[in-house]
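# Architecture and fold: a report
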Amino acid sequence: MKTPSAREAGPQALPAILVALIACSFVPLITHLPWWTWAAAALFVAWRAGGLWLRLPSRTLRWVLVLGVTALVYRRFHTLLGERPGMSLLVLLVGLKALEARSQRDSVILVLLSYIALLGSLLVHPSLFIGLYALAFLVASFVTLSVISQPVGLSMRRRWRQAFILLLQAIPLALIAYVVFPRIAGGLWRSAPVPIGQTGLTAVLRPGSLSDLLSSRKVAMRVIFHGTPPPKSQRYFRAYVLAATNGRVWREGPPEGKVGRSRGQPRRRYTVLLNPTGNRVLPALDWPVDAPRHATIMAGGVVRAQHRIRHILRYRLESAPVRRGSLAPAERREDLALPSDLDPRIVALARRFASRGASPATIVHRALAYFVRHHFVYTLTPPAMGRDPVRRFLFHVRAGYCEDYAAAFATLMRAAGLPTRVVVGFFGGEFNPDGGDVIVREWDAHSWTEVWIGGVWRRVDPTAVVAPGALHEGVGALRRLLEERAGQSGSYRSWWGTFRHQLRLWQDAATTNWDNWVIDYNARRQAALLRRLGWKNAGLASLGIVTLTLGVLVASLLKTLGGRTRRPQDPALRAYGLYCGRLARIGLARRDSEGPRDYLARAVAARPDLDLQMTAITAAYIEARYAQRSAALARLRLRVRSFRPRAQPPRSVRP
Amino acid sequence: MSFPAQTLGRRSVYLLPTREGLWFGATLLVLLLAAINYGNGLAYAITFLLASLATLSSTAAQRNLLGLSVHEGLPRANFVGSPVTFRVIIVNPSALPRFGITITPERGSGRTFDLAAHEHRTVDIPWQTRRRGPVTPPRVRLSSRYPFGLLRAFSRHIPLEDPAIAYPAPAPHAPLPSGRPSPDSEQEALGVSAEGGGDFVGLSALRPGESPRHIHWKAVAAGRGLMVKRFAGLAEREVWLTLPPVGDIEERLSRLCRQVLDAEQQGYRYGLTVDGPPLVPNAGPLHLEACLSTLALYEDTVR
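What comes next is a walk through the structure. (Residues numbered from 1 in each chain as written. Chains lettered and ligands numbered in written order. Predicted model: local features only at pLDDT ≥ 70, side-chain atom pairs only at ≥ 80, totals over all residues. Heavy atoms only, no water.)

## Overview of the overall build of chain A
Selection criterion: Labels follow the DSSP assignment, with helices taken as runs of H or I lasting at least four residues and strands as runs of E lasting at least two, numbered in each case from the N terminus. Residues are treated as being in contact if the distance between any of their heavy atoms lies within 4.5 Å. For the area figures, the Shrake-Rupley method with a 1.4 Å probe applies, and any residue is considered shielded solely by the protein chains shown.
Broken down by element type, chain A carries 23 helices and 19 strands. Counted over contacts in chain A with a minimum sequence separation of 6, partners at least 24 positions apart contribute 70%. On chain A, roughly 33500 Å² of surface is accessible, and the fraction owed to carbon and sulfur atoms is 59%.

Shown next, in the form of C-alpha cells:
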C-alpha cells in the first residue's frame, strides 16, 4: 500500500525508469551540445540519487545553480535563443529539476521535459532510426507515467504490456491525424535548424576536392524519373559551372551571360528529393527547360534556389540534352582565359592538337587520344600535384581522379582556342529497384568539361574516355576496393557482399519512403495524397474542420464504447443456450417465463423420442449451474455437443 | 444489513484531465507548434501519437471504475461533537483488478486503495456532527487517476441513504434521582439482579435486552440454553428518568443523557419518559441505545 508519510515528508528516490528515460531523451543530442552540459546534468542527477544519504541543496543554492548554468550557457553561445543554447539550457534545467523533484507532479514535469528534449533530437536529425527510437521512447515514457501515478500494485511486465497495446491502438488514430491535419507551408516564425556537418559539392575545384567525397556514402539526392530513366552513362547532373582558373583552382565565373534555351530530344521529366545542403544549388540533369518554383536558371544552365536549402527539398524538372544560344564576346574571352604563367609545354601540346586547321571536333578527339596513347591512369587516390598541377599531371604523374582530368583537359582546350569550362556535379547514381529511384550519393560527385562546338556546349568527359570501365560499371568495385583498404573485410563477390548490398538497397528504399512520407510530407504532398484518395480541393479550413470533427468523434466514441466490458458468461449457461437454440430450430423455443424444468416437461411432451437426452442435459445443466460442479459441466458440454435433434421424430417412436 | 448496491454504469462515470494532464496538453501544444514551424513530419507524428496515447488511455481510466458497486453498511452513532461513522463497502464484482480507487465524501479527505479481482473493501467515513438528531449521510464519490495520472475518472455523487444519529452531548455532571425498589414481583421475590456487584445467587434464563456480560457460558456449553448469572443486588434498583421541567431544552437533554449513561454504568434498571410511550425500565446496551436515540430524536417529536 501507499505510504502517505513518505509522500509528504522529504523527497523520495526518483523512479529508476524516470532517470533512464531522461538519459535516453538526451542521448541522440550528445554530440551536438557542449560536453559540460552533460557533465553538469549528470552531476545533478547523481546528487539527487545520492540525496538519500547526501544533503540536498537548499532553496537558495538551487537558485544560485539556475543562475549559474544560465550564465554558463550565455558565456558559451552569447545568446540563450536558438537551438543549441536552448537545448543546452534544457539539459541543465532538467538536471536541476531532477535535483529538486519531490512530488509526483515534479516527476511528471520531468517526463514532459524529456519530450521537449526528444523534439530537439527529431529536429536535428529526422531519420528513420530516430523515428523508431522515438516510438520506443514514447512507450517507455508511458510506462514511466504509470510508475509515477501508481507506484505499487502493478508488475513492470504488466505496465509495458499496457503501454505497448496502447501504442498499437494509438497508431491508426495518429496516422489519420497525420494525414489530414492541415499543413501550413513556410512555418510560423520562419527559422529552421541549420543541418549540422554538411559536406558535399563546393563551388571550387582544386586537386583533391572531389576525391575527399569518395568515402562518403551519404545520400546527396534521390531522383525519380517519370518514364524510363536514362542509362547510367547519360546521367550527368550539373551543379556548378566553373569558368575562371588561375592554373590550380577553378572557380565560378562572373554571373553575366545569356541563359539560352534548352532544346532537343529526348526530354526527361523527373523529381528530385534533395537532402539539405545549406547552399542554393539544385542539381539538374543536363539542361533544364524551366526552373522549378522559387528557383531560377542561371547563366551556365545551372539551377539556383532563392533560399538556402535547409530541409529536404522536392522539385520537379524537365531536361533536354542541348542548349541553344550564342556566346557573347565577353563570355568567349572568359571561357578562353588562361593564367599568364601557363607552362609552355602545355601550350605547345595544345598547338599540336590544333595544327593544320583541325576542326574543333578533331581537336577534342586528338586530346582524348593523347590520354589514351600515353596510358593515363584513373586512380581514386591521386598523388599530390604540387604548385602546377596541370603540367605535373600531363607530363609526370599521368594518373589522377576526375578533377585532374577535367582541369587538364579544359586547360588544353582553352590553349587550343576552344571555349571550355569545367562542370561539377554528380554522375550516374545507383538505380534502386525497390524504391524505383536513382540514389545519388556524395561519392558520385564528378567533374567533366563542356566545350563550345558548333554553337552548343558539348559535354566531354575525359575520365570516361580514360577509364570507361571504372566510371560506368566498375566504380562500385573500385569503391569497394577502397573500403577494403580502409579495413573492411570481405570480397565484394561473396554472398556476404551481395547480401550486404541488398540490405543497403532495402535500407535505401525505406529511407526513400521515409523521406517521401515523413520528412517531405508538406501541404502540397498532402493535397496530392488526398486528391488520390478522392478528396479534391482540400483547403486549410476544411482540413482543420475535418480534423476537429474527427477528434470530437473519437473522444465521444471512446466515452461510449470505451467502458464496454465483456460480461463473462457462465460456461454452463452458454452450453445450455446452445441446447435451447437447437431445440428452437425444431420449433421448441424456450419461453421467457420458463425455467429449465418447465421447459423440459413441455419439450418431452412434444418430443418423447428425445426424452432421455433432454432430461440428461437439463439435469447436468442444473447441477453445473447451481451446484457449480465441474464434472457436471463437462458432462453437459459433451451431451450438448452430440445433441442434434431432427425436425421430424423417427417414425417408429411416433405414437 | 445493507441497502441495495449502487453499481457504476457508463453514464455515471465522467472523465476530466488532471492538472498533470493539462500540463501534458500544454507540452503537446509546444510540440505541435514546433512541428508546424519546422515543417517536421516526424515531430508531427510524435505529437499525434502522444495525443492519441493520452486519449486512448481514457478507456482504461473509465474501465477502472466501471462496474464497481457501492454497498452501504450500518452507520455508527456518536455524541454531538464527536464524529459519527458511515460505513461503505466497495465491491469489485469483476475479474479485472482495480487500482488507486479513491473514495471521497463531500467534505473531507479521501481514502485510496486497490481492489484485486472479486475483492471488496470496507471504508469507514468519519463525519463530524454539530447538531443533535439524525445526521444526513454525505454523498460520496469514487475516483481514480489510473492508468497514467493524466486523466481523472470520477463517478457521479453517490448518495448514502441510511442516516446516522447524533446523541445529545452528555452534561459533565447530573445526579441520578433516588431509586426505588423494583416493582417487578419476581425480581423482588428473588432479590437478584442481572448486574454485578453482589453475591451470586443462581441462574435464570436470559431475557431479551439483558447484557451478555453475565451469560453463564459453561451452562451454554452444557446445552442448557442461555442462562444468566444472578447476583444478590445492592444495586437492584430502578429509576425513572424524566426531562426536568424547566431550562434550555438542549441543556436538559444533555443532563438526561448523562443520567442515562450513569444509570447504565452503575447497574440501575432505568426507564425513560420524555414524551410518547415511556420506555419501561430495563438495562443493557440495546436499552441504552433506545434511550439515547429517543433523546436524540426528541425535538422532532415535539415540534
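## Focus: the overall build of chain B
Our working definition: Classification of residues uses two cut-offs on accessible area relative to the type maximum, computed with a 1.4 Å probe and protein chains only: under 20% is buried, over 50% is exposed, and between them is partly exposed.
A count of helical and extended segments in chain B gives seven helices and 19 strands. Relative to its full complement of 303 residues, chain B shows a buried share of 48%. Pairs at least 24 apart in sequence give 67% of the contacts found in chain B among residues at least 6 apart. Surface accessibility of chain B: about 14200 Å² in total, with carbon and sulfur atoms responsible for 58%.

## Considering the pairing of strand 19 (residues 456-460) of chain A
Residues and elements named next belong to chain A. Short version of the rule: Note on pairing: two strands pair once DSSP finds at least 2 bridges between them.
In terms of strand pairing, strand 18 (residues 445-453) meets strand 19 through five bridges, oriented antiparallel. Looking at strand 19, one finds that Trp452 is bridged to Trp457. Counting the residues in the hairpin turn of strand 18 and strand 19 gives two residues, including Gly454, whose phi is positive at 65 degrees.

## A short note on the packing of helix 12 (residues 389-397) of chain A against helix 13 (residues 402-415) of chain A
Residue and element names in this part refer to chain A. We count it as follows: Working convention: axes come from line fits to C-alpha atoms, limited for helices to the stretch in contact. Angles between N-to-C directions cover 0 to 180 degrees. By the definition adopted for this analysis, an angle is roughly parallel if under 35 degrees, roughly antiparallel if over 145, roughly perpendicular if from 65 to 115, and oblique otherwise. Classes in brief: Ala, Val, Leu, Ile, Met, Phe, Trp, Tyr, Cys and Pro nonpolar; Asp, Glu, Lys and Arg charged; the others, Gly included, polar.
The geometry of helix 12 relative to helix 13 is characterised by a closest axis approach of 10 Å and an angle of 95 degrees between their N-to-C directions. Between helix 12 and helix 13, the crossing angle belongs to the class labelled roughly perpendicular. Residues Val390, Phe393 and Leu394 of helix 12 touch helix 13, and the partners they reach there are Asp404, Tyr405, Ala408, Thr411 and Leu412. Considered class by class, the residues forming the contact of helix 12 with helix 13 number six nonpolar, one polar and one charged.

## Structural notes on unusual backbone geometry
With an omega dihedral of 0 degrees, the bond running from B:Tyr146 to B:Pro147 counts as a cis peptide bond. With respect to the secondary-structure elements, B:Pro147 resides in the loop between strand 10 (139-144) and strand 11 (151-155).

## A short note on the interface of chain A and chain B
As a reminder, the rule being used: Here the buried area means the combined drop in accessible surface, using a 1.4 Å probe, for two parts upon being joined, counting both sides. Any Lys or Arg side-chain nitrogen located within 4 Å of an Asp or Glu carboxyl oxygen qualifies as a salt bridge. Counting of polar contacts relies on pairs of N or O atoms within 3.5 Å, with two restrictions inside protein: one atom must be capable of donating a hydrogen and the other of accepting it, and residues adjacent in sequence are counted only when both atoms are side-chain atoms.
Listed as interface residues are 61 residues of chain A and, on the opposing side, 50 residues of chain B. Summed over both sides, the interface of chain A with chain B buries roughly 5100 Å², with 72% coming from carbon and sulfur. Residues B:Glu20 and A:Arg105 are paired through a salt bridge, measuring 3.4 Å at the closest nitrogen-oxygen approach. Connecting chain A to chain B are six residue pairs in polar contact (both at pLDDT 80 or more). Among the elements of the structure, helix 6 (104-124), helix 7 (128-149), helix 8 (156-180), helix 17 (495-519) and helix 19 (540-561) of chain A are those that each provide at least two residues to the side of chain A that touches chain B. Sorting elements by how many residues they give to the side of chain A that touches chain B places helix 8 of chain A first, with 11 residues. A class-by-class count of the residues in the side of chain A that touches chain B yields 37 nonpolar, 16 polar and eight charged.

## Quick look at the packing of aromatic side chains
Quick note on the threshold: In summary, the pairing rule links any two rings of Phe, Tyr or Trp, Trp by its six-membered ring, whose centres are within 6.5 Å, and it sorts them by plane angle into stacked for under 30 degrees, edge-to-face for over 60 and tilted for everything else.
A full pass over the atoms with the stated rule returns 25 aromatic pairs over all chains. Both rings, one in A:Phe353 and one in A:Tyr370, keep their centres 5.9 Å apart while their planes meet at 65 degrees; by these two values the pair is edge-to-face. Of this pair, A:Phe353 sits in helix 10 (residues 344-354) while A:Tyr370 sits in helix 11 (residues 360-373), and the two are 17 residues apart along the sequence. A:Tyr370 matches A:Phe353 in its accessibility class, with the two residues each being buried. Ring geometry for B:Phe99 and B:Tyr146: centres 5.2 Å apart, planes at 25 degrees, overall stacked. Of this pair, B:Phe99 sits in strand 6 (residues 98-105) while B:Tyr146 sits in the loop between strand 10 and strand 11, and the two are 47 residues apart along the sequence. We note that B:Phe99, like B:Tyr146, is buried. Taken together, the ring pairs in this structure connect A:Phe353, A:Tyr370, A:Phe371, A:Phe393, A:Tyr405 and A:Phe409 into an aromatic cluster.

## So, a positive patch on the surface
Residues and elements named next belong to chain A. Which entries qualify depends on this criterion: Patch definition: residues with relative accessible area over 30% and no salt bridge; like charges joined within 9 Å; nonpolar side chains (Val, Leu, Ile, Met, Phe, Trp, Tyr) joined within 5 Å. Note that His is not counted, nor are the chain ends; the positive residues are Lys and Arg, and the negative ones are Asp and Glu. Note on charges: their place is set at NZ of Lys, CZ of Arg, CG of Asp or CD of Glu.
A cluster of basic residues, Arg261, Arg263, Arg324 and Arg458, forms a positive patch on the protein surface. Inspection of the secondary structure assignment puts Arg458 in strand 19. You can call Arg458 partly exposed: its relative accessible area is 43%.

## Focus on the pairing of strand 18 of chain A
Every regular strand shows the same layout, with side chains that alternate between the two sheet faces. Residue and element names in this part refer to chain A. Taking burial as the measure, the nine residues of strand 18 include nine buried ones, the bulk of the element. Burial along strand 18 is two-sided: the face carrying Ala445, Ser447, Thr449, Val451 and Ile453 and the face carrying His446, Trp448, Glu450 and Trp452 are both buried. Where strand 15 (residues 420-427) and strand 18 come together, seven bridges link them in antiparallel fashion. Looking across to strand 18, one finds that Val424 is bridged to Ser447.

## Section: the sheet that holds strand 18 (residues 269-273) of chain B
The strands making up a sheet associate through hydrogen bonds between their backbones, and the pairing can be parallel or antiparallel. Residues and elements named next belong to chain B. Here three strands make up an open sheet; going across it, the order is 17-18-19 and the pairing mixed. The open sheet terminates on both sides in strands that have one partner only, identified here as strand 17 (238-242) and strand 19 (279-282). Taking each pair of neighbouring strands and ignoring which way they run, the sheet shows an average axis angle of 20 degrees. Summarising the sheet, strand 18 and strand 19 pair through two bridges and their orientation is antiparallel. Pairing of Leu272 across the sheet is with Leu279, part of strand 19. Packing of helix 5 (residues 249-265) onto the sheet brings it into contact with strand 17 and strand 18, and relative to strand 17 it is tilted by some 165 degrees.

## Brief notes about the pattern of salt bridges
All chains considered together, the criterion is met by 23 salt bridges over all chains. With a shortest N-O distance of 2.9 Å, B:Asp124 and B:Arg87 are connected by a salt bridge. One end of the pair, B:Asp124, is in strand 8 (residues 120-127); the other, B:Arg87, is in strand 5 (residues 84-91), and 37 residues separate them in sequence. Assessed through its relative accessible area of 31%, B:Arg87 is described here as partly exposed. Connected through shared salt-bridge partners, A:Arg62, A:Lys97, A:Glu100 and A:Asp106 make up one network.

## Some words on the side chain of A:Ser447
Residues and elements named next belong to chain A. Its place among the elements puts Ser447 in strand 18. Assessed through its relative accessible area of 0%, Ser447 is described here as buried. At a separation of 3.4 Å, a polar atom in the side chain of Ser447 contacts the main-chain carbonyl oxygen of Cys402. Looking at Ser447, its side chain comes within polar contact range of the main-chain nitrogen of Glu403, at 3.4 Å. Excluding its chain neighbours within four sequence positions, the residues that come into contact with Ser447 are Leu205, Leu210, Cys402, Glu403, Ala406, Val423, Val424, Asp461 and Thr463.

## Focus: the sheet that holds strand 11 (residues 313-320) of chain A
All names here are of chain A. Spatially, six strands are ordered 8-11-5-1-17-16 in an open sheet, and the strand pairing comes out antiparallel. The sheet is open, and its two edges are formed by strand 8 (287-288) and strand 16 (430-432), each paired on a single side. Where strand 16 meets strand 17 (residues 437-441), three bridges bridge the pair, whose relative direction is antiparallel. Residue Glu430 lies in a different strand from strand 17, and its bridge partner there is Ile439. Together, strand 1 (219-226), strand 5 (268-274), strand 11, strand 16 and strand 17 form the strand contacts of helix 17, whose direction differs from that of strand 16 by roughly 75 degrees.

## What to know about a nonpolar patch on the surface
Residue and element names in this part refer to chain A. The grouping of Trp495, Trp496, Phe499, Leu503 and Trp506 at the surface amounts to a nonpolar patch, some 590 Å² of accessible area in total. For Phe499, the location among the structural elements is in helix 17. Phe499 sits in the partly exposed class, given a relative accessible area of 37%.

## Digging into the nonpolar core
Defined as follows: Grouping buried Ala, Val, Leu, Ile, Met, Phe, Trp, Tyr and Cys residues that are joined through side-chain atoms within 4.5 Å yields what is termed a nonpolar core.
Within the largest apolar cluster, 74 residues are counted, with the highest numbers of intra-cluster contacts made by A:Tyr115, A:Leu138, A:Phe142, B:Phe24 and B:Leu50. Sorting elements by how many residues they give to this core places helix 7 of chain A first, with 11 residues. Judged by nonpolar contacts, the second largest core, of 70 residues, contains A:Leu201, A:Leu205, A:Val364 and A:Val460.

## Notes on the packing of helix 22 (residues 611-626) of chain A against helix 23 (residues 630-641) of chain A
Pairs of packed helices are described in terms of their axes, by the angle between the two and the distance that separates them. All names here are of chain A. Where we set the bar: Crossings are sorted by hand: turned counterclockwise from the far helix by less than a right angle, the near helix makes the crossing left-handed, and turned clockwise it makes it right-handed.
For the pair helix 22 and helix 23, interaxial distance at closest approach is 8 Å and the crossing angle is 150 degrees. As for how helix 22 packs across helix 23, the hand of that crossing is left-handed. Every residue of helix 23 that contacts helix 22 at Ala616, Ile617, Ala620, Tyr621, Glu623 and Ala624 is listed here: Ala632, Leu633, Arg635, Leu636, Arg639 and Val640. Taken together, the residues that form the contact of helix 22 with helix 23 break down as nine nonpolar, no polar and three charged.

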